[in-house]
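# Working through the structure, step by step
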Amino acid sequence: MMLLSWKNLRSLIKRADIVLEVVESRNPFATRSIRVERIVESLGKPFMIIINKCDLVPLWVCKEWQEYFKAQNISSFYISSLTLSGVKKLKRFLDKTIL
């Protein structure tokens, strides 16, 4: 697996329409990248946090995280990539937002 350098990642973000950062519902702080978020902000790109693995925690936990991010002025969605819960809703939102 080849990792991107920060310079290459910045270049990739410049070309993006929107940046989605996927974090784990059990501990979003441990899986966030504040450095990436700062790059996104400096480039003025739309940014959203996707709270994944919501099938592993009670629904209220995901809703609380969504409220936390909302209070931080960060858009977020919660999904489960395993059960696909919330994925269609996220896709519809992105289709509407990007187009």
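In the block above lies the structure referred to throughout.
Notes on the structure follow. Within every chain, residues take consecutive numbers counted from 1 along the sequence as written. Only residues with pLDDT of at least 70 are given local features in this predicted model, and only at 80 or more are side-chain atom pairs given and counted; all residues enter the totals for whole chains, interfaces and linings. As a rule here, side-chain values cover all heavy atoms of the structure and leave hydrogens and water aside.

## As for the overall build of the chain
- Each helix is a run of DSSP H or I of at least 4 residues and each strand a run of E of at least 2, with the numbering of both proceeding from the N terminus. When its secondary structure is counted, the chain shows five helices and three strands.
- Starting at the N terminus, the α and β elements of the chain follow one another as α-β-α-α-β-α-β-α.
- As a reference, a globule follows 2.2 Å times the number of residues to the power 0.38, and the radius of gyration itself is taken over C-alpha atoms. On C-alpha atoms alone, the chain measures out to a radius of gyration of 14 Å, which is about the 13 Å that the 2.2 N^0.38 rule sets for 99 residues.
- Its C-alpha atoms give the chain principal-axis dimensions of about 40 × 30 × 30 Å.
- Surface exposure of the chain reaches about 7100 Å², of which carbon and sulfur atoms provide 57%.
- On the chain, the mean spot of the 17 positive side-chain charges and the mean spot of the 9 negative ones are 5 Å from each other. We get accessible surface area from the Shrake-Rupley algorithm with a probe of 1.4 Å; when it comes to residues, only the shown protein chains can shield them. Neither His nor the chain ends contribute to the count of charged residues, in which Lys and Arg are positive and Asp and Glu negative. We put the charge of a Lys on NZ, of an Arg on CZ, of an Asp on CG and of a Glu on CD.

## A few points about unusual backbone geometry
- Not every positive phi belongs to a glycine, and Lys53 is a case in point at roughly 65°.
- Relative to the helices and strands, Lys53 is located in the loop between β2 (47-52) and α4 (59-71).

## Quick word on the side chain of Glu21
- By the secondary structure assignment, Glu21 is in strand β1 (residues 19-24).
- Side-chain polar atoms of Glu21 contact the backbone nitrogen of Ser33, separated by 2.5 Å.
- Discounting chain neighbours no more than four positions away, the residues touching Glu21 are Thr31, Arg32, Ser33, Glu37, Phe47, Met48, Ile49 and Ile50. By the criterion applied in these results, polar contacts are pairs of N or O atoms within 3.5 Å in which, for protein atoms, one can donate a hydrogen and the other can accept it, and in which residues neighboring in sequence qualify only through two side-chain atoms. Note on definitions: a residue-residue contact is assigned when non-hydrogen atoms from the two residues lie within 4.5 Å.

## Details of the environment of Gln72
- Among the structural elements, Gln72 can be located in the loop between α4 and β3 (75-78).
- Along the sequence, Gln72 and Pro28 sit 44 residues apart, while their C-alpha atoms lie 14 Å from each other.

## With respect to the packing of aromatic side chains
- Between 30 and 60 degrees the pair is tilted, below 30 it is stacked and above 60 it is edge-to-face, where a pair is any two Phe, Tyr or Trp rings, Trp via its six-membered ring, whose centres lie within 6.5 Å. For the coordinates displayed, the defined rule picks out six aromatic pairs.
- When the centroid spacing of 5.1 Å and the interplanar angle of 85° are considered together, the rings of Phe29 and Trp65 count as edge-to-face. In this pair, Phe29 is assigned in helix α2 (residues 28-31) and Trp65 in helix α4, connecting sequence segments 36 residues apart.
- When a residue's accessible area, from a 1.4 Å probe over protein chains only, is under 20% of the maximum for its type it is buried; when over 50% it is exposed; and in between it is partly exposed. Residue class for Phe29 comes out partly exposed when judged on its relative accessible area of 45%.
- Pairing Tyr68 with Phe69 gives two aromatic rings, centres 5.4 Å apart and planes at 70°, and the pair type is edge-to-face.
- An aromatic cluster is defined as three or more aromatic residues linked by ring pairs; in this entry it consists of Phe29, Trp65, Tyr68 and Phe69.

## Concerning the state of the cysteines
- Cysteine sulfur atoms are paired as a disulfide whenever they fall within 2.5 Å. Enumeration according to the criterion identifies one disulfide in this entry.
- The disulfide that involves Cys54 links it to Cys62, with 2.4 Å between the sulfurs. Between Cys54 and Cys62 the disulfide shows an S-S torsion of about -120°. By sign, it is left-handed. Cys62 matches Cys54 in its accessibility class, with the two residues each being buried.

## A closer look at a positive patch on the surface
- Each patch is built from residues that are more than 30% exposed by relative accessible area and take part in no salt bridge. Like charges join if they lie within 9 Å; nonpolar side chains (Val, Leu, Ile, Met, Phe, Trp, Tyr) join within 5 Å. A carboxyl oxygen of Asp or Glu within 4 Å of a side-chain nitrogen of Lys or Arg is what we treat as a salt bridge. A cluster of basic residues, Lys63, Lys88, Lys89 and Arg92, forms a positive patch at the surface.
- Looking at the positive patch element by element, the count peaks at three residues for helix α5 (residues 87-98).
- Tracing the chain through its elements places Arg92 in helix α5.

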